[in-house]
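# Close look at the chain arrangement
Next come the chains, spelled out residue by residue.
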Amino acid sequence: MVDQGGAELCSESRRQLIRRFSAACVLAEDLEGRLARGEEIDVERHALLCSTLTRLAQRIGIDRRAKNITPSLSEYLTPQEAAE
């Protein structure tokens, strides 16, 4: 969610998509780990997971969004006033 500007800037539906994307990533990593250990995997299942991850990433948006961290004028002035 950090890439999307933080949880507070994400709608509930976007958060749900991010959760589903995360779950699919875990499943794909598990299959790929099995493959790396020389175990047989269901190639169709892996392909479906990869396709699902691609579609979810497109829906979520894979571009990073900057989070505005600029303090307001009152937030900026308060520490300076306290120091004087």
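Relevant structure appears above.
Below or above, wherever it landed, is the structure these notes cover. (Residues numbered from 1 in each chain as written. Predicted model: local features only at pLDDT ≥ 70, side-chain atom pairs only at ≥ 80, totals over all residues. Heavy atoms only, no water.)

### A closer look at the packing of helix α1 (residues 12–36) against helix α2 (residues 43–60)
Put simply, the rule is: All axes are obtained by fitting lines to C-alpha atoms, using only the stretch in contact for helices, and the reported angles, taken between N-to-C directions, cover 0 to 180 degrees. The secondary structure listing takes helices from DSSP runs of H or I that are at least 4 residues long and strands from runs of E that are at least 2 residues long, numbered from the N terminus. Each angle receives one of four descriptions, namely roughly parallel if under 35 degrees, roughly antiparallel if over 145, roughly perpendicular if within 65 to 115, and oblique otherwise. Two helices crossing with the near one rotated counterclockwise from the far one by less than a right angle form a left-handed crossing, whereas a clockwise rotation gives a right-handed crossing. Whether two residues are in contact is decided by their heavy atoms, any of which lying within 4.5 Å being enough. Residues are sorted three ways: Asp, Glu, Lys and Arg are charged, Ala, Val, Leu, Ile, Met, Phe, Trp, Tyr, Cys and Pro are nonpolar, and all the rest, Gly among them, are polar.
Viewed as axis vectors pointing N to C, α1 and α2 meet at an angle of 150°, and their least axial separation amounts to 9 Å. One element, α1, and the other, α2, form an angle in the roughly antiparallel class. Where α1 crosses over α2, the two elements pack in a sense that is left-handed. The segment α1 lies against α2, with Arg 14, Leu 17, Ile 18, Arg 20, Phe 21, Ala 24, Cys 25, Leu 27, Ala 28, Leu 31 and Glu 32 engaging Arg 45, His 46, Leu 49, Leu 53, Leu 56, Ala 57, Arg 59 and Ile 60. Split into classes, the residues belonging to the contact of α1 with α2 amount to 13 nonpolar, 1 polar and 5 charged.

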